[in-house]
Amino acid sequence: RIMLRRAFTAAAVAFAILPVSGFAESATPYEAAAGELRLIPVWTTDPEAMMKAWSQPTPPNLRATTKARRNEPIHQFILYANCSRDDLGRCHLTAHVTITAPDGTAYGEPMAFEALPLGPSALPGTIGLAPQSIGLTIEDGEQLGTYTVELALTDEIGGVTATHPVQIEVSEAEGLAE
């Protein structure tokens, strides 16, 4: 099951920012880049703890994982930096997500949504948290194994797209393994 999720608190809106200490010129395995835009997808099975950590003084200690168990929701948070601004200083980020099941078939329909609607954003040189992202739950009867989630984040004003694939390992729930 795939669900669109909204960050839990007002602190999660893109106004929650962190200073960026010298972004590398190119992306790392944990981020993607397109022009100046940076995308850092963070996955967690404990979104409440993620939001609590995000609201703390910088830098937060974000507990991330790419492992989940059957029927355990795993949530993606979209961190971004350096989106282009219009003449009024607003940013607009859209997202497109595709998920591939362990057998190589499409898992659900691709999802497109506004990750950051046109409006205020994190300041240049800081990291912001987009208010929209996705959650994923592999339910009873669905395949176990490695799911590939590809997130394409488009800076609608700058006209660039940063794409980042993440592999999520889903195993049987405890007590159900054979």
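Since this is a predicted model, take the numbers as computed values, not measurements.

(A) Here's a closer look at the state of the cysteines. On inspection of all chains with the given rule, the structure shows 1 disulfide. Each sulfur of the disulfide joining C83 and C91 lies 2.1 Å from the other. Note on C91: relative accessible area 0%, which makes it buried.

(B) Representation of the environment of Q56 in the model. Take Q56: it is sitting in the loop between α1 (47-54) and β5 (67-69). Separated by 3.2 Å, the side chain of Q56 and the backbone oxygen of K52 make a polar contact.

(C) Broad picture of the sheet that holds strand β12 (residues 160-171). The strand order β5-β12-β11-β7-β8 describes an open sheet built from 5 strands, whose pairing is mixed. Two strands lie at the open edges of the sheet, namely β5 and β8 (111-119), each paired on one side alone. For this sheet the average axis-to-axis angle between neighbouring strands, irrespective of direction, equals 25°. Relative to β12, strand β11 (residues 145-155) is paired through 11 bridges, and the arrangement is antiparallel. Looking at β12, one finds that L153 is bridged to A162.

Conventions we followed
- Residue indices follow the written sequence of each chain, beginning from 1 at its first position.
- Reporting in this predicted model follows two pLDDT cut-offs: at least 70 for local features of residues, and 80 or more for side-chain atom pairs to be given and counted; totals over whole chains, interfaces and linings ignore these cut-offs and use all residues.
- The side-chain quantities take in all heavy atoms of the structure and omit both hydrogens and water.
- Two cysteine sulfurs form what is called a disulfide whenever their separation falls within 2.5 Å.
- For each residue, the accessible area found with a 1.4 Å probe, counting protein chains only, is set against the maximum for its type, and the residue is called buried under 20%, exposed over 50%, and partly exposed in between.
- Counting from the N terminus, the helices are DSSP H or I runs at least four residues long and the strands are E runs at least two residues long.
- Counted as a polar contact is a pair of N or O atoms within 3.5 Å, where, for protein atoms, one must be capable of donating a hydrogen and the other of accepting one, and residues adjacent in sequence contribute only when both atoms are in side chains.
- Strand pairing follows a simple DSSP-based rule, namely that at least 2 bridges must link the two strands.
- In this analysis an axis means a line fitted to C-alpha atoms, helices contributing only their contacting stretch, and an angle means the value between N-to-C directions, from 0 to 180 degrees.

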